[in-house]
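Architecture at a glance
Listed below are the residues making up each chain.
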Amino acid sequence: ISGVQISDGQASIRGGSGYSYGAGSRVMLLVDDMPGLQQDAMLTNWRDLPTENVEQIEVIKGASSILYGSSALNGVINVRTGYAGSEPETKASLQTIITDAPAVDSMKWWNGALVSTNASILHKEKFGKLDLVSSLFYYNEDSYFKGRYLEYGRGHLKLRYRLRPELSFGVNVNYNTGSNNSPFYWENYGRETLIADTASFSESDYTRYFIDPFLKYFASNGDQHIFRGRFFRTNNRVGMDRANASNTFLAEYQYVKTIEPLGMIITSGILGSRLNSSSELYSNEDFSQWNGAAYGQLDYQMTEKLKIIAGMRYEINKTITPDSVPFFNVNQSLNEYDRIVGRLGLNYEITDYSKFRASWGQGYRYPSIAERFISTNIGINVVPNPELRPETGWTAEIGWRQGYQLGAWKGFFDLSFYRMEYKDMMEFNVRSFSAEPFLGFQSRNIGNTEIQGFELVTNARLDLSGDNLIEVYAGYNYVDPRYTNLTDDIISLNTSEENVLKYRQRHQVNGHINWSFRRWSV
C-alpha cells in the first residue's frame, strides 16, 4: 500500500515512524478491532496474525487516537479475519524456500541445502447457528545469516453463535509458541558480508496467546451495542537475565446510534485495560499499568454532497513502579498522564466521480514499560529512562479523488498533501553518561519534529471478453521528515549533519499489475 513501509518488522506510514528495536510503535495494529501490540513493549508481533484467514486489511493514514488511543499516533493497520460462508471450506498451503550457496566459499557455513518451510491448513463451516473457523500454521526458517534461526507454530480459533438474527456472541482464540536466535547488531561495518556479533545474540523460546470474548446486538432501529474483551498472556523465556512476562486484561463497550432523518451516526464508547508485568528485562521489578478512556465521534451527512466528521477522546494512563531502578530514581509524578484529543474532517462530493476531503486530528503515545525501564546488556548496556515523557502530535491532510474512463479502462487517481507535527518524539539512541554505565542505548525525547509530503495513487481495471481482467495499482509517496530545531546534540546522535529523521525514505514508488484469466492469475 502506498506510503506504508516496514523496517525490520516496524510499520511506518508516510514517514511518521522510524525504527526502534523491540519497543514502541506509532502505528496501532488491530486484529478484528482488538489491539495486536504486546502491551509491555508496544511491540508488533506479526507472527500472531492468522495470515491463512485474512479477509481484508484496512489502513488509516495519520493520527487516529480518537477511536484507537495511544500508539495510533501515526495511523492504524486493522487486519480482519473471515467467517464461514454458506458452504464448508478447507484450504491448505505449503511453501519451501531453498537458498543457494554464496559465491565466496568461506561464507557458506551450512552443510547441504539451506531450506525453510511453512505450511498451513484452514477450515470454515457453519453448524446451524454456530460458525466455526479453525486453522494451524507452522514455520521453520534456516537463515543464511550465521547463527540465526526461527521456528514456531500457531493455532487460531473463531466461534460465533447467532442466538437471534440481531444478537450474536462468541470468542476468538490465538495461540503462538516457538523459539528463535537473533542478533542485536553486526560485528563488522563496511564489509560486503554481514556477520552478527555473537555477544549480541538472544536465544529464546516464547508463548503468546489471547482470548477475546465478544457480544454484538443490532437493534431494529439501527442502534448497535458491542462488547469486546481480552486476556493476553506473553511469556518470553530468554537467557542472560532477559526474560519477560506480562498479562493484559481489556474490556470495551461501544454504542453506535443512527439517526437517519438527520443523517447522523454517533459512535461512543468506554474502555479500560490493565497490564501486569514481571520481568528480568525490566530491572527485575514488578510493574503494572492501567488505562481508562471515553470517546465519541459524530458522522454527519450535512447535505447530499457534504459530510462532516468530528470526535473527541479523553484518556488517562497510570503506571505503578518502584521508587528506583538501576542508575536512576523514578520521578513518580511522571507515572500518571491524561489527554484530551480531537478530530475534525469533511468530505465534499464535487461531482459523481470527483471528491474533495480535508482532515485534522490529534494523537498521542505513552512510553511503554520497556522504553522507560528496560535494563540489560547485549554487548552494550541498554539503560532505563524513568524521565521519558509521552509524545503528542497532529496530522492534517487535504486530498482529491477523481474517477476516470479512458476507452475501456476505468479507474481513479487520488492526490493528497499532508503534514504531521510531533512534540517530544521518542527514539532509542546511544548516549554517554558521566558515571556508570558510561555508554549505552537509552530511549530519549529528542525534541519536536515535522513531516510533510504528498502522495499520488491510481487504481484501474480493464475488463476484456469473458473471464479476462487486467488490474493496475500504482502509488508514489514523497516525504520530507525534519527536526523542528536541529541542535548539536541531535547531530551527535546521527550519521549525517543533514536535517532529516532517521530510517525514512524520501521517495517510495510501488506498483502492482494483475492479469486474471479464468482460474489463472499472473
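Let me begin by describing the structure that accompanies this report. (Residues numbered from 1 in each chain as written. Predicted model: local features only at pLDDT ≥ 70, side-chain atom pairs only at ≥ 80, totals over all residues. Heavy atoms only, no water.)

1. Some remarks on the overall build of the protein
- Scanning the protein for helices and strands turns up three helices and 33 strands.
- Over its C-alpha trace the protein gives a radius of gyration of 25 Å, about what one expects of a compact globule, namely 24 Å for 522 residues.
- With the C-alpha coordinates of the protein rotated into their principal frame, the extents come out at 70 × 60 × 50 Å.
- Considering the protein as a whole, with its 522 residues, one finds that 46% of them fall into the buried category.
- Here the contacts in the protein between residues at least 6 apart in sequence split such that 62% fall between residues at least 24 apart.
- Working note: accessible area of the protein is about 26,000 Å², and carbon and sulfur atoms make up 56% of it.
- Charge centroids of the protein, computed over 51 positive and 58 negative side chains, lie 4 Å from each other. (Helix = DSSP H or I, 4+ residues; strand = E, 2+ residues; numbered from the N terminus. Rg over C-alpha atoms; globule rule 2.2 N^0.38 Å. Buried < 20%, exposed > 50% of the residue type's maximum accessible area, 1.4 Å probe, protein only. Contact = heavy atoms within 4.5 Å. Areas by Shrake-Rupley, 256 points an atom, 1.4 Å probe, with all protein chains shown as cover. Lys, Arg positive; Asp, Glu negative; His and termini not counted. Charge placed at Lys NZ, Arg CZ, Asp CG, Glu CD.)

2. Some words on the pattern of salt bridges
- Overall, the coordinates contain 34 salt bridges when judged by the stated rule.
- For Lys91, the salt bridge is made with Glu89, and the minimal N-O distance between the two is 3.4 Å.
- The class of Glu89 is partly exposed, set by a relative accessible area of 29%.
- Between Arg313 and Glu315 there is a salt bridge, and its shortest N-O distance comes to 3.0 Å. (Salt bridge = Lys/Arg side-chain N within 4 Å of Asp/Glu carboxyl O.)

3. Overview of the nonpolar core
- Of all hydrophobic cores here, the largest spans 16 residues; its most connected members are Tyr282, Ile369, Phe373 and Ile374.
- For this core, the element with the highest residue contribution is helix 2 (residues 369-373), accounting for three residues.
- Those residues in contact with Ile374, other than ones at most four positions away along the chain, are Leu281, Tyr282, Ile369, Val382, Val383, Pro384 and Phe428.
- Judged by nonpolar contacts, the second largest core, of 15 residues, contains Ala11, Leu37, Leu49 and Ile77. (Core = buried A, V, L, I, M, F, W, Y, C linked by side-chain atoms within 4.5 Å.)

4. Some thoughts on the pairing of strand 13 (residues 167-182)
- Note that strand 12 (residues 149-164) and strand 13 share 15 bridges and pair antiparallel. Residue pairing across strands places Arg164 opposite Leu167, the latter belonging to strand 13.
- The antiparallel hairpin formed by strand 12 and strand 13 contains two residues in its connecting segment.
- By the bridge criterion, 16 bridges tie strand 13 to strand 14 (residues 202-218) in an arrangement that is antiparallel. Bridge pairing links Val173 to Ile211 in strand 14. (Pairing = 2+ DSSP bridges.)

5. Side note on the sheet that holds strand 3 (residues 27-31)
- Pairing is mixed across the open sheet formed by four strands, whose spatial order is 4-3-8-7. The two strands at the open ends of the sheet, each matched to only one other strand, are strand 4 (34-35) and strand 7 (54-61).
- Inspection of the sheet shows strand 3 paired to strand 4 by two bridges, in the antiparallel sense. Residue pairing for strand 4: Leu30 is matched across the bridge by Pro35.

6. A few points about the packing of aromatic side chains
- Under the criterion given, the structure shown has 20 aromatic pairs.
- On the basis of an interplanar angle of 35 degrees and a centroid distance of 6.0 Å, the ring pair of Phe137 and Tyr152 is categorised as tilted. Highlighted residues: Phe137 in strand 11 (residues 130-142) and Tyr152 in strand 12, separated in sequence by 15 residues. As far as burial versus exposure is concerned, Phe137 and Tyr152 are alike and both buried.
- Ring centres of Trp515 and Phe517 lie 6.2 Å apart, and the angle between their planes is 20 degrees; this geometry places the pair in the stacked category.
- Take Trp515: its relative accessible area is 40%, and that puts it in the partly exposed class.
- Aromatic ring contacts, followed pair by pair, group Tyr175, Tyr209, Phe231 and Phe249 into a single cluster.
- Across from the ring centre of Phe137, 4.5 Å away, lies the NZ or CZ of Arg154, which sits over that ring.
- Residue placement shows Arg230 over the ring face of Phe210; its charged tip is 4.2 Å from the ring centre. (Phe/Tyr/Trp six-rings, centres within 6.5 Å; stacked < 30°, edge-to-face > 60°. Lys NZ or Arg CZ within 6 Å of the ring centre and 35° of its normal.)

7. Side note on the side chain of Ser17
- Along the polypeptide, Ser17 turns up in the loop between strand 2 (10-13) and strand 3.
- A relative accessible area of 5% places Ser17 in the buried class.
- At 3.3 Å, the side chain of Ser17 forms a polar contact with the side chain of Asn74. (Polar contact = N/O pair within 3.5 Å; in protein donor to acceptor, adjacent residues only side chain to side chain.)

8. Some details on the sheet that holds strand 25 (residues 381-383)
- The strand order across the open sheet formed by four strands is 24-25-29-28, and the pairing between neighbours is mixed. Looking along the sheet, the strands with just one partner apiece sit at the ends: strand 24 (376-377) and strand 28 (426-432).

9. Points about a nonpolar patch on the surface
- There is a patch of nonpolar side chains on the surface, built from Leu346, Tyr348, Ile350, Phe356, Ile398, Trp400 and Phe417 and spanning about 610 Å² of accessible area.
- If you list the elements that add at least two residues to the nonpolar patch, you get strand 22 (336-351) and strand 26 (391-406).
- Examining the composition of the nonpolar patch, we find that three residues originate from one element, strand 22, more than from any other.
- Residue position: Trp400 is located in strand 26. (Patch = residues over 30% accessible without salt bridge, like charges linked within 9 Å, V, L, I, M, F, W, Y side chains within 5 Å.)

10. Some thoughts on empty space enclosed by the protein
- In total, this model carries five cavities of 30 Å³ or more according to the counting rule given.
- Approximately 150 Å³ is the volume found for the largest cavity.
- Lining the largest cavity we find 18 residues, and of these Gln10, Gly18, Ser20, Gly24 and Arg26 sit closest to its centre.
- Among the elements of the structure, strand 2 and strand 28 are those that each provide at least two residues to the lining of the largest cavity.
- Here the lining of the largest cavity gets three residues from one element, more than from any other, and that element is strand 28.
- Among the residues forming the lining of the largest cavity, the class breakdown is six nonpolar, seven polar and five charged. (1 Å grid on protein atoms, 1.4 Å probe; cavity = no way out; pocket = protein on both sides within 12 Å on 5 of 7 lines; lining within 4 Å. Points joined across faces, edges and corners; volume = space filled by probe spheres on them. Nonpolar A, V, L, I, M, F, W, Y, C, P; charged D, E, K, R; others polar.)

11. Some details on unusual backbone geometry
- Even without being glycine, Asp8 reaches a positive phi, approximately 50 degrees.
- With respect to the helices and strands, the residue Asp8 is situated in the loop between strand 1 (4-7) and strand 2.
- Judged by its relative accessible area of 64%, Asp8 is exposed.
- At Ser283, a position not held by glycine, the phi torsion is positive, near 65 degrees.
- Within the secondary structure, Ser283 sits in the loop between strand 17 (264-279) and strand 18 (285-301).

12. Focus: the environment of Tyr337
- Note that Tyr337 resides in strand 22.
- Classification of Tyr337 as buried rests on a relative accessible area of 12%.
- Excluding anything up to four places from it in sequence, Tyr337 contacts Glu315, Ile316, Asn317, Tyr366, Leu388, Arg389 and Pro390.
- A polar atom in the side chain of Tyr337 sits 2.7 Å from the backbone oxygen of Leu334.

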